[in-house]
Amino acid sequence: MAIKWSLTIDCAQPARLAEFWALALKYVPAPPPVGFGSREEWFTHYGVPEEEWDQGASLSDPDETGPSLSFLQVPESKVAKNRLHLDVQVGGGRNTPWEVRWPRVIEAVERLTAAGATVIREEELQGKPDHVVMADPEGNEFCVL
């Protein structure tokens with residue numbers, strides 16, 4: 001059996017970055033921890049000071065099949081290229097005809113750019129555009145393919 005895992009992204013503005021990634025991945029805000037009616041109730045139960053409640057955010061896959069994502073506020077900013085990045089696979093894979101796949105990629109790039117992402121570069125494969133390298137609103141690289 002595989003081990004359940006999640007991904008935590010260090011950032012300056014957890015709520016803003018969570019909102020971006022919810023849009024990018026069609027994720028939803030994570031439900032409160034089991035046994036609690038809200039995240040605030042959980043914070044109160046564990047004595048988390050109220051001024052720290054906005055220092056994190058969490059998302060989950062609405063189908064409960066993908067990993068959860070957490071966003072944790074940290075004081076330092078991003079200073080180097082990611083050693084790990086997400087591939088946002090909207091095109092359907094390379095087995096999907098390019099004429100079908102590429103418009104899906106372009107639509108996602110336009111949607112994510114409108115939400116605060118930036119295009120870093122477009123990569124080609126065999127003379128045709130294949131995927132787009134982007135950065136989220138805090139500069140974390142990811143690919144749309």
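In what follows, the structure referred to is the one given above.
I will try to describe carefully the structure that is included in this document. Just so we're clear, the structure is a prediction, and the values are computed from it rather than from any experiment. (Residues numbered from 1 in each chain as written. Predicted model: local features only at pLDDT ≥ 70, side-chain atom pairs only at ≥ 80, totals over all residues. Heavy atoms only, no water.)

### As for the nonpolar core
Then, number 1: By size, the foremost hydrophobic cluster in this structure holds 25 residues, and its most contacted members are W21, L59, F71, L112, M134, F142 and V144.
Then, number 2: Every element with two or more residues in this core is listed here: β1 (6–11), α1 (14–25), β3 (56–60), β4 (68–73), α3 (98–114), β7 (128–135) and β8 (141–144).
Then, number 3: The element contributing the most residues to this core is α1, with six residues.
Then, number 4: Among residues more than four places away in sequence, those in contact with L59 are A18, W21, A22, Y27, V28, P29, A30, S68, L69 and F71. (Core = buried A, V, L, I, M, F, W, Y, C linked by side-chain atoms within 4.5 Å. Buried < 20%, exposed > 50% of the residue type's maximum accessible area, 1.4 Å probe, protein only. Helix = DSSP H or I, 4+ residues; strand = E, 2+ residues; numbered from the N terminus. Contact = heavy atoms within 4.5 Å.)

### Some remarks on the environment of D61
Then, number 1: Tracing the backbone shows D61 in the loop between β3 and β4.
Then, number 2: With 35 residues separating them along the chain, D61 and K26 place their C-alpha atoms 7.6 Å apart.
Then, number 3: Beyond its immediate sequence surroundings of up to four residues, D61 is in contact with Y27 and G66.
Then, number 4: A polar side-chain atom of D61 sits 2.6 Å from the main-chain amide nitrogen of G66. (Polar contact = N/O pair within 3.5 Å; in protein donor to acceptor, adjacent residues only side chain to side chain.)

### Observations concerning the sheet that holds strand β6 (residues 118–125)
Then, number 1: Strand order in the open sheet formed by four strands is β5-β8-β7-β6, with mixed pairing between adjacent strands. Each end of this open sheet is capped by a strand with a single partner; those strands are β5 (86–88) and β6. Recorded for the sheet is a direction-independent mean angle of 30° between the axes of neighbouring strands.
Then, number 2: When β7 meets β8, the two strands line up antiparallel, connected through four bridges. If you follow V133 over to β8, its bridge partner there is C143.
Then, number 3: Of the strands in this sheet, β5 and β8 touch α1, which is tilted by about 45° from β5.
Then, number 4: Of the strands in this sheet, β6, β7 and β8 touch α3, which is tilted by about 20° from β7. (Pairing = 2+ DSSP bridges. Axes fitted to C-alpha atoms, helices over the stretch in contact; angles between N-to-C directions.)

### So, α1
Then, number 1: Look at α1: 16 Å from first C-alpha to last across 12 residues, which is about the 16 Å you get at 1.5 Å a residue.
Then, number 2: Within α1, the full set of buried residues consists of P14, L17, A18, F20, W21, A22 and A24.
Then, number 3: Here the buried face of α1 lies against β1, β3, β4, β5, α3 and β8.
Then, number 4: Just downstream of α1, K26 is the residue with a positive phi angle, here 60°. (Expected span 1.5 Å × (residues − 1).)

### Comments concerning a negative patch on the surface
Then, number 1: On the surface, a cluster of negative charge is made up of E40, E50, E51 and E52.
Then, number 2: Relative to the assigned elements, E51 resides in the loop between α2 (39–45) and β3.
Then, number 3: By relative accessible area, E51 is classed as exposed at 60%. (Patch = residues over 30% accessible without salt bridge, like charges linked within 9 Å, V, L, I, M, F, W, Y side chains within 5 Å. Areas by Shrake-Rupley, 256 points an atom, 1.4 Å probe, with all protein chains shown as cover. Salt bridge = Lys/Arg side-chain N within 4 Å of Asp/Glu carboxyl O. Lys, Arg positive; Asp, Glu negative; His and termini not counted. Charge placed at Lys NZ, Arg CZ, Asp CG, Glu CD.)

### A short note on unusual backbone geometry
Then, number 1: Residues other than glycine seldom take positive phi values, yet K26 does so here, at roughly 60°.
Then, number 2: With respect to the secondary-structure elements, K26 resides in the loop between α1 and β2 (28–29).
Then, number 3: Phi at E64 takes a positive value of approximately 60°, unusual for a residue other than glycine.
Then, number 4: If you trace the backbone, E64 turns up in the loop between β3 and β4.

### Focus on the packing of aromatic side chains
The way to describe two aromatic rings as a pair is by their centre distance and the angle between their planes.
Then, number 1: All chains considered together, the criterion is met by eight aromatic pairs.
Then, number 2: Considering the side-chain rings of F36 and Y46, the 6.2 Å spacing of their centres and the 50° angle between planes classify their relative orientation as tilted. Here the residue F36 occupies a position in the loop between β2 and α2, and Y46 occupies one in the loop between α2 and β3, the gap between them amounting to 10 residues.
Then, number 3: Taking 6.3 Å as the distance between ring centres and 5° as the angle between the ring planes, the aromatic pair formed by W98 and W102 counts as stacked. Of the two residues, W98 and W102 both sit in helix α3, four residues apart, roughly one turn of that helix.
Then, number 4: In textbook terms, an aromatic cluster arises when at least three aromatic residues are bridged by ring pairs, as seen for F36, W42, F43, Y46 and W53. (Phe/Tyr/Trp six-rings, centres within 6.5 Å; stacked < 30°, edge-to-face > 60°.)

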